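Listed here are the chains, written in short residue letters.
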Amino acid sequence: QKEVEQDPGPLSVPEGAIVSLNCTYSNSAFQYFMWYRQYSRKGPELLMYTYSSGNKEDGRFTAQVDKSSKYISLFIRDSQPSDSATYLCAMSERGSTLGRLYFGRGTQLTVWP
Amino acid sequence: NAGVTQTPKFRILKIGQSMTLQCTQDMNHNYMYWYRQDPGMGLKLIYYSVGAGITDKGEVPNGYNVSRSTTEDFPLRLELAAPSQTSVYFCASSYSYTIYFGEGSWLTVV
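Since the model is a prediction, treat every value here as computed from it, not as a measurement.

Draft legend 1. Layout of the overall build of chain B. Looking only at helices and strands, one finds 0 helices and 11 strands in chain B. Relative to the compact-globule value of 13 Å for 110 residues, chain B shows a C-alpha radius of gyration of 13 Å, a close match. When the backbone C-alpha atoms are referred to their principal axes, chain B occupies close to 35 × 25 × 25 Å. Among the 110 residues that make up chain B, the fraction classed as buried is 47%. Of the contacts formed within chain B by residues at least 6 apart in sequence, a portion of 52% connects residues at least 24 apart. Looking at chain B as shown, the accessible area adds up to about 5,000 Å², and 52% of this sits on carbon and sulfur atoms.

Here it is in structure tokens:
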């Protein structure tokens with residue numbers, strides 16, 4: 001089974017804190033790594049997308065992939081109350097159909113003012 | 001731009017009933033998907049389609065059927081509903097690894 005492990009939290013931090021969200025996986029064929037944000041009673045929306053290992057930064061968000069450890073992270077700097085949501089990691093195998101994703105359970109984040 | 005539109009938003013079904021969840025997208029994407037999300041769990045792929053007339057099974061296809069007669073529409077059919085099909089259903093479409101999800105359909109089978 002292609003498992004993606006993610007601590008569901010909940011995680012509660014004060015405004016301005018740095019948030020670290022993580023996922024581990026067991027399938028070495030995973031090549032594409034994504035982070036989705038999901039607000040309550042809404043569909044997931046893509047935050048970050050990374051191919052293979054390395055870092056990617058977009059504003060206050062940084063995604064890291066360590067394929068040797070099968071570990072991915074999402075960092076949120078200067079967190080805001082509007083960042084309160086569930087964050088889902090997702091992965092896809094090389095050569096697989098686009099959008100055939102394997103998701104973690106999601107981490108529920110609350111940023112309080 | 002409507003994106004991915006799902007109907008109905010909420011539905012209660014009795015055990016053994018059948019229904020169709022509708023999904024349409026206006027982005028001319030070839031790839032479309034149906035995922036389900038159980039409480040506290042990640043999304044799991046039910047079926048997907050790479051173009052009109054082509055569909056394939058995902059991780060959890062049992063109890064469901066799909067068809068893709070047009071690029072825009074990808075309905076999901078539930079036959080003989082069971083309590084285990086109580087879930088939130090998300091339709092999605094993509095042209096690359098940017099996948100666009102609909103708002104979800106909440107289904108309860110009682």
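There is more to say after this.
Draft legend 2. Summary view of the confidence of the model for chain A. Summary statistics for chain A give a mean pLDDT of 92 and a share of 96% for residues scoring 70 or more. Looking across chain A, the model is least confident in strand S5 (residues 45-51) of chain A, with a mean pLDDT of 90, and most confident in strand S3 (residues 19-25) of chain A, with 97.

Draft legend 3. Geometry of the packing of aromatic side chains. Summed over all chains, the structure comprises 14 aromatic pairs over all chains. Note on Phe103(A) and Phe101(B): the rings are 6.3 Å apart at their centroids and 75° apart in plane angle, and the pair reads as edge-to-face. One end of the pair, Phe103(A), is in strand S10 (residues 102-103); the other, Phe101(B), is in strand S10 (residues 99-101), on a second chain. You'll find Phe103(A) and Phe101(B) in the same group, each marked buried. Put simply, the rings of Tyr36(A), Phe103(A), Tyr33(B), Tyr35(B), Phe90(B) and Phe101(B) touch in pairs and so form one group of aromatic residues. Of note, Arg68(B) hangs over the ring of Phe74(B), and the distance from its end group to the ring centre comes to 5.9 Å.

Draft legend 4. Examining the pairing of strand S9 (residues 85-93) of chain A more closely. All names here are of chain A. Counting buried residues in S9 gives 7 out of 9 residues, a clear majority hidden from the surface. Pairing of strand S4 (residues 30-38) with S9 involves 8 bridges; the strand directions are antiparallel. Of the residues in S9, the one forming a bridge with Arg-37 is Tyr-87. Relative to strand S11 (residues 107-112), S9 runs antiparallel, the two sharing 3 bridges. Counterpart to Tyr-87 in the pairing with S11 is Thr-107. For S9 and S10, the ladder comprises 2 bridges, and the chain directions are antiparallel. Across the sheet, Ala-90 pairs through a bridge with Phe-103, a residue of S10.

Draft legend 5. Region of interest: the side chain of Gln38(A). Along the chain, the position of Gln38(A) falls in strand S4. Given a relative accessible area of 9%, Gln38(A) falls into the buried group. Within the local environment of Gln38(A), its side chain forms a polar contact with the backbone oxygen of Lys42(A), the two atoms lying 2.9 Å apart. A distance of 3.1 Å separates a polar atom in the side chain of Gln38(A) from a polar atom in the side chain of Gln37(B). In this structure, Gln38(A) is in contact with Gly43(A), Pro44(A), Ala85(A), Thr86(A), Leu88(A), Gln37(B) and Phe90(B), ignoring residues within four places of it in sequence.

Cut-offs applied
Residues numbered from 1 in each chain as written. Chains lettered and ligands numbered in written order. Predicted model: local features only at pLDDT ≥ 70, side-chain atom pairs only at ≥ 80, totals over all residues. Heavy atoms only, no water. Helix = DSSP H or I, 4+ residues; strand = E, 2+ residues; numbered from the N terminus. Rg over C-alpha atoms; globule rule 2.2 N^0.38 Å. Buried < 20%, exposed > 50% of the residue type's maximum accessible area, 1.4 Å probe, protein only. Contact = heavy atoms within 4.5 Å. Areas by Shrake-Rupley, 256 points an atom, 1.4 Å probe, with all protein chains shown as cover. pLDDT = per-residue confidence, 0-100. Phe/Tyr/Trp six-rings, centres within 6.5 Å; stacked < 30°, edge-to-face > 60°. Lys NZ or Arg CZ within 6 Å of the ring centre and 35° of its normal. Pairing = 2+ DSSP bridges. Polar contact = N/O pair within 3.5 Å; in protein donor to acceptor, adjacent residues only side chain to side chain.

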